[in-house]
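# Observations on the three-dimensional arrangement
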Amino acid sequence: MKKWQDKEEFKKLFTEKAHILWEKDLRDMTLNEVYQTIAYMIRDLVSEDWIRTNEIYAEQKVKQVYYFSIEFLIGRLLESNLLGIDMDDICRQGLEDLGWDLDKVIPAERDPGLGNGGLGRLAACFIDSLAALQLPGHGNSIRYQYGLFNQRIVDNQQVELPDNWLVNGYPWEVKKVDKAVYVRFGGNAYMRPDEDGSLECVHEKYSSVRAVPYDVPIIGYHNNTVNTLRLWRAEYSREQLYQELSLGDRRRAFRYKDSVQQISRFLYPDDSNEDGRRLRLMQEYFFVSAGLQSIVRHYKKKYHESIYKFDRYVAIHINDTHPALVIPELMRILMDEEGVSWDAAWNITVRTVAYTNHTILPEAMEKWSIPMFKELLPRIYLIVEEINNRWLKEVRSLYPGDESRARDVAVLWDGQVHMAHLAVLGSHSVNGVAEIHSQILKDSTLHQFYTCFPHRFSNKTNGISHRRWLIEANPQLASLIDEAIGDGWRRTPSKLQDLMPFADDPSFQEQLTRVKKERKDILARYIRDRYDTDVRTDSIFDIQIKRIHLYKRQTLNILHILHLYYLLKDNPKLKITPRTFLFGGKAAAGYGEAKETIRLINVVAHMVNSDRRISKQMKVLFLENYNVSLGQLLFPAADVSEQISTAGKEASGTGNMKFMMNGAITLGTLDGANVEIHRKVGDENCVIFGLRADEVMNYYIHGGYSSWQMYSGDADIRRLMDALVDGSISGEHFGMLYSSFLDKNDEYFVLKDFKSYCQAQQEIAKRYGNHPQWCHSSVVNIAQSGYFSSDRTIQQYADDIWRIKPVKH
Ligand SMILES: *Cc1c(COP(=O)(O)O)cnc(C)c1O
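Summarised in this report is the structure supplied together with it. As the structure is a prediction and not an experimental result, all values here were calculated from the model. (Residues numbered from 1 in each chain as written. Predicted model: local features only at pLDDT ≥ 70, side-chain atom pairs only at ≥ 80, totals over all residues. Heavy atoms only, no water.)

## Comments concerning the overall build of the protein chain
- Along its length, the protein chain carries 33 helices and 23 strands.
- What you see for the protein chain is a C-alpha radius of gyration of 27 Å, in line with the 28 Å of a compact globule of 809 residues.
- Dimensions of the protein chain, computed from the C-alpha atoms along their principal axes, are close to 95 × 75 × 55 Å.
- Counting only residues that meet the buried cut, the protein chain has 62% of its 809 residues in that class.
- Of the contacts made within the protein chain by residues no fewer than 6 positions apart, 77% connect residues no fewer than 24 positions apart.
- Of the accessible surface of the protein chain, which amounts to about 31100 Å², a share of 48% is contributed by carbon and sulfur atoms.
- Of the charged side chains in the protein chain, 102 are positive and 108 negative, and the gap between their average positions amounts to 1 Å. (Helix = DSSP H or I, 4+ residues; strand = E, 2+ residues; numbered from the N terminus. Rg over C-alpha atoms; globule rule 2.2 N^0.38 Å. Buried < 20%, exposed > 50% of the residue type's maximum accessible area, 1.4 Å probe, protein only. Contact = heavy atoms within 4.5 Å. Areas by Shrake-Rupley, 256 points an atom, 1.4 Å probe, with all protein chains shown as cover. Lys, Arg positive; Asp, Glu negative; His and termini not counted. Charge placed at Lys NZ, Arg CZ, Asp CG, Glu CD.)

## Points about the side chain of threonine 537
- Residue placement: threonine 537 occurs in the loop between α21 (506-531) and β18 (540-545).
- On the basis of relative accessible area, threonine 537 is assigned to the buried category, the value being 18%.
- Setting aside anything within four residues of it in sequence, one finds threonine 537 in contact with Lys517, Lys520, Asp521 and Ala524.

## Let's talk about the environment of alanine 524
- Within the fold, alanine 524 resides in helix α21.
- In sequence terms alanine 524 and aspartate 534 are 10 residues apart; their C-alpha atoms lie 6.9 Å from each other.
- In this view, alanine 524 contacts Val535 and Thr537; residues no more than four positions away in its chain are not counted.

## Description of the packing of helix α12 (residues 342-352) against helix α14 (residues 378-398)
- In the contact formed by α12 and α14, the axes pass within 13 Å of each other and the chain directions differ by 90 degrees. Comparing the axis directions of α12 and α14 gives the class roughly perpendicular. Contacts between α12 and α14 involve Trp342, Asp343 and Trp346 on the former and, on the latter, Ile383, Glu386, Ile387 and Arg390.
- Of the residues belonging to the contact of α12 with α14, the class tally is 4 nonpolar, no polar and 3 charged. (Axes fitted to C-alpha atoms, helices over the stretch in contact; angles between N-to-C directions. Parallel < 35°, antiparallel > 145°, perpendicular 65-115°, else oblique. Nonpolar A, V, L, I, M, F, W, Y, C, P; charged D, E, K, R; others polar.)

## Focus on the packing of helix α1 (residues 7-22) against helix α2 (residues 31-59)
- Between α1 and α2, the shortest axis-to-axis distance is 9 Å and the interhelical angle comes to 110 degrees. The angle between α1 and α2 places the two elements in the roughly perpendicular class. Crossing handedness for the pair α1 and α2: right-handed. On the side of α1, the interface is formed by Phe10, Leu13, Phe14, Lys17, Ala18, Leu21 and Trp22, while α2 contributes Glu33, Val34, Gln36, Thr37, Ile38, Tyr40, Met41 and Asp44.
- Of the residues belonging to the contact of α1 with α2, the class tally is 10 nonpolar, 2 polar and 3 charged. (Left-handed = near helix turned anticlockwise from the far one by under 90°.)

## Re the packing of aromatic side chains
- Under the counting rule described, the total for this entry stands at 32 aromatic pairs.
- For the pair phenylalanine 68 and phenylalanine 287, a centre-to-centre distance of 6.2 Å together with 35 degrees between the ring planes defines the contact as tilted. Highlighted residues: phenylalanine 68 in strand β1 (residues 64-68) and phenylalanine 287 in helix α9 (residues 277-303), separated in sequence by 219 residues. Taken individually, phenylalanine 68 and phenylalanine 287 each receive the classification buried, so the pair is uniform in this respect.
- Among the aromatic residues, those joined into a ring-pair cluster are Tyr67, Phe72, Phe126, Tyr797 and Trp802.
- Note that lysine 586 overlies the ring of phenylalanine 149, its terminal NZ or CZ placed 5.6 Å from the centroid.
- Stacked on the ring of tryptophan 469, the Lys or Arg lysine 658 has its end atom at 4.4 Å from the ring centre. (Phe/Tyr/Trp six-rings, centres within 6.5 Å; stacked < 30°, edge-to-face > 60°. Lys NZ or Arg CZ within 6 Å of the ring centre and 35° of its normal.)

## A closer look at the sheet that holds β18
- Ordered by their spatial adjacency, 6 strands build an open sheet running β20-β19-β18-β21-β22-β23, and the pairing between neighbours is parallel. Strand pairing shows two members of the sheet lacking a second neighbour, β20 (618-623) and β23 (687-688), which therefore form its edges.
- For β18 and strand β19 (residues 579-584), the ladder comprises 6 bridges, and the chain directions are parallel. Bridging across to β19, aspartate 542 finds its partner in phenylalanine 581. (Pairing = 2+ DSSP bridges.)

## Description of the sheet that holds strand β15 (residues 416-418)
- Taken in spatial order, the 3 strands of this open sheet run β13-β15-β14, and their pairing is antiparallel. The open sheet has two edge strands with one neighbour each: β13 (367-369) and β14 (412-413).
- Two elements, β14 and β15, share 2 bridges in a ladder whose sense is antiparallel. If you follow tryptophan 413 over to β15, its bridge partner there is glutamine 416.

## Details of the environment of arginine 613
- Structurally, the position occupied by arginine 613 is in the loop between α23 (592-609) and β20.
- The sequence separation of arginine 613 and serine 712 amounts to 99 residues, and the corresponding C-alpha distance is 31 Å.
- Beyond its immediate stretch of four places on either side in the chain, arginine 613 contacts Leu568, Lys569 and Pro572.
- For arginine 613, the side chain forms a polar contact with the main-chain oxygen of leucine 568, separated by 3.0 Å. (Polar contact = N/O pair within 3.5 Å; in protein donor to acceptor, adjacent residues only side chain to side chain.)

This is how it looks when you write it as structure tokens:
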């Protein structure tokens, strides 16, 4: 790894680079130009290693993994790359001499919003860990011109603004024109006998889209590995445009051009419901086909091995079902382009592909209408149809006359393509993302598949990059940990365990208190600057940040806040532990209840904060535009981590792990990875409440829950529900939420869990009052969080699924 020797060398190189890039006096540079200059300097440092990493993989012919994900929520890269190459101090000092503060330069980088939330952030943590562990693994996705919308709150409501993140250019990417490929849409596909009588596929009258890769280096941590995140951009094919024009139909030609440019224009702002369906399907096939073509081309060019050995050298992972077309697309390439037979192609495909399931919410299961699928992807449809026919024939011969079996496992059923079924059938490995979630997959969601292929199923509990979420986000805590146990945990996060003996150490507790206070001060400053509001840093910072969704139950949190408000109103002498309740999160643009939840939070916040007496004891704030960068400010400042989804609904969660690693106490249900957090830290160091997943399941199956009964049987709940519709909350009305709680029988058991949640909140207050006990819990959480590093997760994927090994150099 090349390095800057000292700050003098940094300053010299910076000055040279800045002159070439901007042609102006250093003093006139904007912060964005300073950031870009350093980014290009970092690229200069790593470019040899980037090339070298790829050469070594090819020379040693190691097996490589390609992580296909329709989202990569990578966050800003300047600071993480500086930390990765261990050049942050030199850069900081050099900049200071030149008159800039690195901490002011870092925010000049736009946070690429190429993801919605947890799923995209997971993919980003995974490629970070792959590079840190020197594993040969790369990301494959789409270079959206517009990322997830920017959120503003206007009149208490969410407003979505376009995220034109590429306006100033993106210095980390390298366009690789020579590696472009073509992806086919539409036309007709049919089988016909060739000369020797076997069938071959004809695909004609299709439309070609040019896919151009933009590569982003993924820099390892203090090693020489530089892997690649390959993002594809759709361009029209000039050849096809001219051909259309030459046929004289200008309108058709321009329609072609427009529709192609749409493909990589927007990220779909929804990670649980699908809309804009046709374009979304085009996006999925686009990055899958482009990615696979480039992998196969690279394999043939560099590995000089038979195509029949493809799966020995290539693993492809699909992050949820959005890339599941990898399965028929690999079949297509193997059969139509490499001349492999169906059976051999199927074996290669299944051995290559592995699938991670991310959700069991029925509305989030991806399905496509067959007519649309067929029209858009005629050749792929023929293959999917054949996969389905062969599979159902097998199933029906095993269970003759039992059509329910066929229905439960069919890829094509009721006019729809069932993507999860395609993914399970075409993969050698299927995993859930937390123990409870993987169990639910085996027991119910994919039960029939589990009985057919029990050996395919496993669990890989999610993780987070401790580099980004501890070392980078919370340098104060990171240094404190170094002082106590040395810095070995930075490479080996399981060593955080060594903090256990410090849990009751008064001096360590004091230091930890100081660090937490400093992080709360930093956040309080941000809140004062942005929202002109003062928050007490001696109050409990109780934070819920995540996408807004009924199942995540921000409503439960805000109803409890309203309940506290009434208590304080009714009893003017009542003293509660002071609290600052913070919310953040985006609602999908078309998700009415989620947007109403945001409005309710903001209206309640104003009512609470503008009451002079009550706002001394509690404040409520909704922070706009939650993204990775805002998260890096919030997780370190939290005392309490709100993880209150309806049990059985949150597959894993990863926000819970970021809070834990920063010493916050989990207030949560036994859902997703909360179950494992609870097991690691014990009842004494987290607060668990509410229905269990099996109890929720029981109600769904057998009935027996009536939210109207909750309403009539409990005066507190009645008052809260009435307040939603009687105008007593600042004259505002929340009929949609009222009706989801009562008329729709409270699908997510908010009212059912309400009392239990109030008690849990009281327990939190009680524990916070005992400072040494609270510190003890905080230390235990940090100490036990090493398990939730994505390094552990990725090691398990590498050993159990991908069978890949580190490449040291
Ligand atoms: C971690 C993270 C998420 C996922 O949070 P959950 O609480 O697990 O839903 C979503 N968005 C951002 C920006 C994140 O950093």
